[in-house]
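Per-entry structural report
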Amino acid sequence: MQKILLKLLTVAFILSLSACGLLPEQKDETIGWSASKLYSEAKDELTAGGYEKAIKYFEKLESRYPFGTYAQQAQMDIAYAYYRLNDQPQGLAAVDRFIKLHPNHPNVDYMYYLRGLINFNDRTSIFDTFTDQDNTERDPKAVRDAFDSFKLLAERFPDSTYTPDAMARMKYLVNAMAQYDVHVAKYYYRRGAYVSAVNRSQAAIKDYPDAPAIEEALFIMMRSYEALGQKQLRDDTERVIQATYPNSPYYTGGPKDVKAKPWWKIW
């Protein structure tokens, strides 16, 4: 019985090989294309949103014509295509490869900017406060990486065309990082971990003193001190709120969109 099965398997294997031989080979349409032709076709795909095909063409271009401006531009466009595909690991790898190979390229500032954008693009999955996911479970690493990338661009290329936008995004990211700490402080407060709520609020105030989220951090501190029975610290924090944010909705009754709730339940 085993011999029969072995023969059948052998015959099936031979037939499969024969079938493969009968299949026509897939023809590479780009064979014989010049560097300019390859780049033009790849660019057209990129513009049309065919990012995967564009990457394929750019990689062929770089492989066949590794020297010259077309190859360098292809490397940059590959990184951009991965960015548009939301493929963060591949995009960052392509950016870092270009910077390593061409640190003095006239457009290397764009690659630093693109690195920031690739990380920045992941921000909504981290700080989307309108979902049910617990914000304390979210890793702010991508936001910090984006901030560091934009900061590096601003420091190395202060006159770059991309620096003003990078600076604006940095301001947003600073508040996002501060808001993350505030989310964590609220998490602790809701669970009665008032000392931890105070510590996290203080961390936000210390690290991001100018961020808008600091207003809420102070409010959480005040409520936490009150829950801990620390009247003096509670009153001191309240005076800071009154002096710094005299019209704070958190101090005067809570944000307008939650007035139907008790004033201290702002989340």
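Every chain is numbered independently, its residues counted from 1 as its sequence is written. Reporting in this predicted model follows two pLDDT cut-offs: at least 70 for local features of residues, and 80 or more for side-chain atom pairs to be given and counted; totals over whole chains, interfaces and linings ignore these cut-offs and use all residues. To get the side-chain values, all heavy atoms of the structure are used, and hydrogens and water are removed first.

What follows covers the side chain of Glu62. Strands are runs of DSSP state E lasting at least two residues, helices are runs of H or I lasting at least four, and both sets are numbered from the N terminus onward. Tracing the sequence through the fold places Glu62 in helix H3 (residues 51–64). Since its relative accessible area comes to 13%, Glu62 is described here as buried. As used in this structure description, the phrase polar contact means that two N or O atoms lie within 3.5 Å; if the pair is within protein, one of them must be able to donate a hydrogen and the other to accept it, and residues adjacent in sequence are counted only when both atoms belong to side chains. Polar contacts involving the side chain of Glu62 include one to the side chain of Gln75, which spans 2.9 Å. Residue contacts for Glu62: discarding those within four places in its chain leaves Gln75, Ile78 and Arg97. Remark: exposure states derive from per-residue accessible area (1.4 Å probe, protein chains only) relative to the maximum for the residue type, with buried under 20%, exposed over 50%, and partly exposed in between. In what follows, a contact means two residues having at least one pair of non-hydrogen atoms within 4.5 Å.

Here pLDDT means the predictor's own confidence in every residue, given as a number from 0 to 100. Confidence along the protein averages 82 in pLDDT terms, with 77% of residues attaining 70 or more. Ignoring residues within four places in sequence, the model shows residues 123–137, a span with pLDDT below 50, making 30 contacts including any to other chains. Ignoring residues within four places in sequence, the model shows residues 255–267, a span with pLDDT below 50, making 21 contacts including any to other chains.

Let us now look at the packing of helix H11 (residues 214–228) against helix H12 (residues 231–244). At their nearest, the axes of H11 and H12 sit 8 Å apart, and the two run at 160° to each other. It follows from the interaxial angle that H11 and H12 lie roughly antiparallel. The handedness of the crossing between H11 and H12 comes out as left-handed. When H11 is examined against H12, the residues Leu218, Phe219, Met221, Met222, Tyr225 and Glu226 are found in contact with a partner set consisting of Leu233, Arg234, Thr237, Glu238, Val240 and Ile241. Of the residues contributing to the contact of H11 with H12, the split by class is 8 nonpolar, 1 polar and 3 charged. Inter-axis angles, ranging from 0 to 180 degrees, are taken between N-to-C directions of lines fitted to C-alpha atoms, where helices are fitted over the stretch in contact. Should an angle fall under 35 degrees it is taken as roughly parallel, and over 145 as roughly antiparallel, whereas 65 to 115 is taken as roughly perpendicular and any remaining angle as oblique. Crossings are sorted by hand: turned counterclockwise from the far helix by less than a right angle, the near helix makes the crossing left-handed, and turned clockwise it makes it right-handed. The nonpolar class holds Ala, Val, Leu, Ile, Met, Phe, Trp, Tyr, Cys and Pro. Asp, Glu, Lys and Arg form the charged class, and all remaining residues, Gly among them, are polar.

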